[in-house]
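Listed below, chain by chain, are the residues.
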Amino acid sequence: MEEEAEEIESLDPQEEKEEPWCVVCREYTDYRRKWNTLPRANLDGGTYSENVESPHCVECENPMIYLSHCKLITRFFWVLGLLILGISLVSTVALFQFSWGSLIGFSLFLLLSFTIIRIPRKSRRCLAEWKVWKEEKGFKELTDLGLKKN
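Note that the coordinates shown come from a computational prediction; the quantities given were computed from them, not determined experimentally.

Colleague: Lay out the overall build of the protein in plain terms, naming residues and giving numbers.
Modeller: When helices and strands are counted, the protein shows three helices and two strands. Looking at the protein as a whole, 19% of its 150 residues are labelled buried. In the structure as shown, the protein presents an accessible area of about 12,700 Å², 60% of it carried by carbon and sulfur atoms.

Colleague: Could you give an account of the packing of aromatic side chains, with specific residues and numbers?
Modeller: A complete count under the given rule lists three aromatic pairs for this structure. Ring centres 5.5 Å apart and planes at 70° place the aromatic pair Tyr28 and Trp133 in the edge-to-face group. Taken as a pair, Tyr28 in the segment before strand E1 (31-41) and Trp133 in helix H3 (residues 121-149) lie far apart in primary sequence, 105 residues in all. Judged by centre distance (5.4 Å) and plane angle (80°), the rings of Phe76 and Phe77 are edge-to-face. Following the ring pairs from residue to residue traces out a cluster consisting of Trp21, Tyr28 and Trp133.

Colleague: Go over the pattern of salt bridges, please, and point to the residues and values.
Modeller: The full count for this structure, using the stated rule, is six salt bridges. Across the salt bridge formed by Arg32 and Glu61, the nearest N and O atoms sit 2.6 Å from each other. In this pair, Arg32 is assigned in strand E1 and Glu61 in the loop between strand E2 (47-57) and helix H1 (67-95), connecting sequence segments 29 residues apart. Its salt-bridge partner being Arg40, residue Glu50 comes within 2.8 Å of it at the nearest N-O pair. With Glu50 in strand E2 and Arg40 in strand E1, this pair connects stretches of sequence that are 10 residues apart. Look at Arg40 and you get partly exposed, because its relative accessible area is 35%. What you see here is one network of salt bridges that share partners, running through Arg26, Glu129 and Glu136.

Colleague: Break down the side chain of Ser102 for me, with residues and values.
Modeller: Within the element layout of this structure, Ser102 appears in helix H2 (residues 100-117). Within the structure, the side chain of Ser102 is placed 2.8 Å from the backbone oxygen of Ser99, a separation counted as a polar contact. The contacts of Ser102, once residues within four sequence positions are left out, are Thr92, Phe96 and Gln97.

Colleague: Please give an account of the side chain of Ser113 that cites residues and values.
Modeller: Within the secondary structure, Ser113 sits in helix H2. Relative accessible area serves as the criterion here: at 3%, Ser113 is assigned to the buried category. At 2.9 Å, the side chain of Ser113 and the backbone oxygen of Leu110 are in polar contact. When residues no more than four places from it in sequence are discounted, the contact partners of Ser113 are Gly81 and Leu85.

Colleague: Tell me about the environment of Arg124, and please be specific about residues and values.
Modeller: Position of Arg124 relative to the elements: it lies in helix H3. Sequence-wise, Arg124 and Ile73 are 51 residues apart; in three dimensions their C-alpha atoms are separated by 9.0 Å. Once residues lying within four places of it in the same chain are set aside, the contact partners of Arg124 are Thr74, Ile117 and Arg118.

Colleague: So what's going on with the pairing of E2? Residues and values would help.
Modeller: Note: E1 against E2, 11 bridges, orientation antiparallel. Looking across to E2, one finds that Ala41 is bridged to Thr47.

About the cut-offs
- Residues numbered from 1 in each chain as written.
- Predicted model: local features only at pLDDT ≥ 70, side-chain atom pairs only at ≥ 80, totals over all residues.
- Heavy atoms only, no water.
- Helix = DSSP H or I, 4+ residues; strand = E, 2+ residues; numbered from the N terminus.
- Buried < 20%, exposed > 50% of the residue type's maximum accessible area, 1.4 Å probe, protein only.
- Areas by Shrake-Rupley, 256 points an atom, 1.4 Å probe, with all protein chains shown as cover.
- Phe/Tyr/Trp six-rings, centres within 6.5 Å; stacked < 30°, edge-to-face > 60°.
- Salt bridge = Lys/Arg side-chain N within 4 Å of Asp/Glu carboxyl O.
- Polar contact = N/O pair within 3.5 Å; in protein donor to acceptor, adjacent residues only side chain to side chain.
- Contact = heavy atoms within 4.5 Å.
- Pairing = 2+ DSSP bridges.

Read these as layout, nothing more, since geometry by itself doesn't imply function.
Shown next as C-alpha cells:
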C-alpha cells in the first residue's frame, strides 16, 4: 500500500525579496553583495560605524538600485510638495485678502513646491528608465509570440 505524500504549506509564507535592477545594463542581472561602512551618530554625541549592504552588477560592476526605494523617495517628495502647495493655497485664500501680494506669495510657494517635487532626479530617472525597459520587454515578448505562431 503506497501512501501519497502531502505537501504541508507553512502558515507563514516566505517573504519575496525584491531583486535589484541595474541601470547601466537595463536588466535584472546577477549581482554581488558588497558591504560599505557608514559613520552614524550616537545619542551621546559619539559616532559608530554601520555596515550597509549594496548590490553591484556582475557584468558592469556598477551599483544596482532597488526600485521600491526609488518609488518611496519620489512619493515622499510628491506628498511634501503637494502638502506645501495645499497649505499655501489655504493660507492665501483664508488669511489674506485677494491682492497682487497674495498672488505673488502663492506663486512663490507654487515654485517652491514644484522645486521640491523635482528634487529626487536620480530616482525619477531610474524609474523612467525602468518603465521604458518594461515596455520594450513587453513589445519584444509580443513579437516573439507572433513569430512563434507563424
